[in-house]
Amino acid sequence: MARVVDLPTASLSVVMPCYNEVATIETCLAAVLEQDLVGEVIIVDDGSTDGTREILAGLNDERVRVLLQPHNQGKGAALRTGFAAATLPYVIVQDADLEYDPSEFPKVVGPLVAGDADVVYGSRFAGGEAHRVLFFWHSMGNKLLTLVSNMFTDLNLTDMETCYKAFRREVIQSIEIEEDRFGFEPEVTAKVAAANWRVFEVGISYNGRTYDEGKKIGWRDGVRAVWCIVRYSPVGARWGGKR
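What comes next concerns the included structure. (Residues numbered from 1 in each chain as written. Predicted model: local features only at pLDDT ≥ 70, side-chain atom pairs only at ≥ 80, totals over all residues. Heavy atoms only, no water.)

This part is about the overall build of the protein chain. Within the protein chain one finds nine helices and seven strands. Burial analysis of the protein chain (243 residues in total) assigns 53% to the buried set. Contacts in the protein chain between residues at least 24 apart in sequence constitute 78% of all its contacts with a sequence separation of at least 6. (Helix = DSSP H or I, 4+ residues; strand = E, 2+ residues; numbered from the N terminus. Buried < 20%, exposed > 50% of the residue type's maximum accessible area, 1.4 Å probe, protein only. Contact = heavy atoms within 4.5 Å.)

Next comes the structure, spelled out in structure tokens:
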């Protein structure tokens, strides 16, 4: 069990990739900035065309930095840009929608601050937190991808595809992110496992959204995820893949 420690204020870099999130970006950012842990928010806009960029241009908070991708490249590419810009001891990913609750940052970051973990995953499938009930097959797909990832990495995760991944800054900045889209999730998991970083998992709540509400991941991303699991895992590396 992770030790209980006092969490230092303004020690967390939040990397927030966004693409066409005009309906949620302001509310999500306000919730992030309410957290005492947060010292900087790095928003990486991935070529939005719906007015998101205009909202970002009007922000006036010294803790917020906005980085603009020249065109839409994908979540992985946006995270690669954001991670490189992070300056604080701990780094967490926050999607710009309202599926994940920033008030749970202390729970996710706690094992890092305690010195027990190098990487922490916030699991939607562990613990007794509240969850919006949505798609059965989407849930099964997530669990199947986690199972396959675990088989190749020898980790024991319950939610490899979660957004809430937190890292000691030197850990995530030591990992070369090659995937431009949602393949980031299995790629970073495989590379964390290959480097033998200490991984913790904590239960989080989840307020998932529908495709009508803006969810962007699809079945093709699931196929790509399987390919990434094989390519980037230690097993894949032994088969001639690229670690």
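That covers the picture; the talk isn't over yet.
What follows covers unusual backbone geometry. With a phi close to 55 degrees, N20 is a non-glycine residue in the positive phi region. Following the sequence through the fold, N20 ends up in the loop between β1 (12–18) and α1 (25–33). At D154, a residue that is not glycine, the phi angle is positive and equals roughly 65 degrees. Here D154 is to be found in the loop between α5 (136–153) and β6 (165–168). Given the relative accessible area of 70%, D154 is considered exposed.

In this fold, S48 is placed in the loop between β2 (38–45) and α2 (52–57). When its relative accessible area of 9% is taken as the criterion, S48 is described as buried. Setting aside residues no more than four positions away along its own chain, S48 makes contact with C18, Y19, N20 and R53.

All right, on to helix α7 (residues 184–194) then. For α7, the tally of buried residues reaches eleven of eleven residues, placing the bulk of the element in the interior. Considered for burial, the residues of α7 that qualify are F184, E185, P186, E187, V188, T189, A190, K191, V192, A193 and A194. Looking one or two places after α7, you find N196, whose phi comes out positive at around 60 degrees.

In this structure the tally under the stated criterion is 17 salt bridges. D159 is the salt-bridge partner of R124, the closest N and O atoms lying 2.7 Å from each other. In this pair, R124 is assigned in the loop between β5 (119–123) and α5 and D159 in the loop between α5 and β6, connecting sequence segments 35 residues apart. In this structure R124 comes out as buried when scored by relative accessible area, which is 6%. Residue classification places D159 among the buried positions, given a relative accessible area of 0%. Between E179 and R231 there is a salt bridge, and its shortest N-O distance comes to 3.9 Å. With E179 in the loop between α6 (169–172) and α7 and R231 in helix α8 (residues 219–232), this pair connects stretches of sequence that are 52 residues apart. (Salt bridge = Lys/Arg side-chain N within 4 Å of Asp/Glu carboxyl O.)

Our next topic: the pairing of β2. In the case of a regular strand, side chains alternate between the two sheet surfaces. Taking burial as the measure, the eight residues of β2 include seven buried ones, the bulk of the element. Each parallel crossover has a hand, and for β1 linked through α1 to β2 it is right-handed. Assessed by its sense of winding, the connection that carries the chain from β2 through α2 to strand β3 (residues 64–68) is right-handed. (Right-handed = clockwise from strand over helix to strand, strands pointing away.)

This part is about the sheet that holds strand β7 (residues 199–203). Strand order in the open sheet formed by seven strands is β3-β2-β1-β4-β6-β5-β7, with mixed pairing between adjacent strands. Of all the strands in the sheet, the pair left with one neighbour each is β3 and β7. The mean angle between the axes of side-by-side strands here comes to 20 degrees, regardless of whether they run parallel or antiparallel. When β1 meets β2, the two strands line up parallel, connected through seven bridges. From the neighbouring strand, L12 faces β2, where its bridge partner is V38. Packing against the sheet, α1 makes contact with β1, β2 and β3, and its axis sits at approximately 170 degrees to β1. (Pairing = 2+ DSSP bridges. Axes fitted to C-alpha atoms, helices over the stretch in contact; angles between N-to-C directions.)

This part covers the nonpolar core. In terms of nonpolar packing, the biggest core is built from 60 residues, with L12, M16, V41, F83, F105 and V188 touching the most fellow members. Once residues within four sequence positions are removed from consideration, F83 is found in contact with V15, V91, V93, F167, I172, Q173, I177 and F184. (Core = buried A, V, L, I, M, F, W, Y, C linked by side-chain atoms within 4.5 Å.)

Relative to the helices and strands, S174 is located in the loop between α6 and α7. Taking the C-alpha atoms as reference points, S174 and A84, 90 residues apart in sequence, are found 9.7 Å from one another. A polar atom in the side chain of S174 sits 2.6 Å from the backbone oxygen of V171. (Polar contact = N/O pair within 3.5 Å; in protein donor to acceptor, adjacent residues only side chain to side chain.)

Any functional reading would require information beyond the geometric quantities listed.
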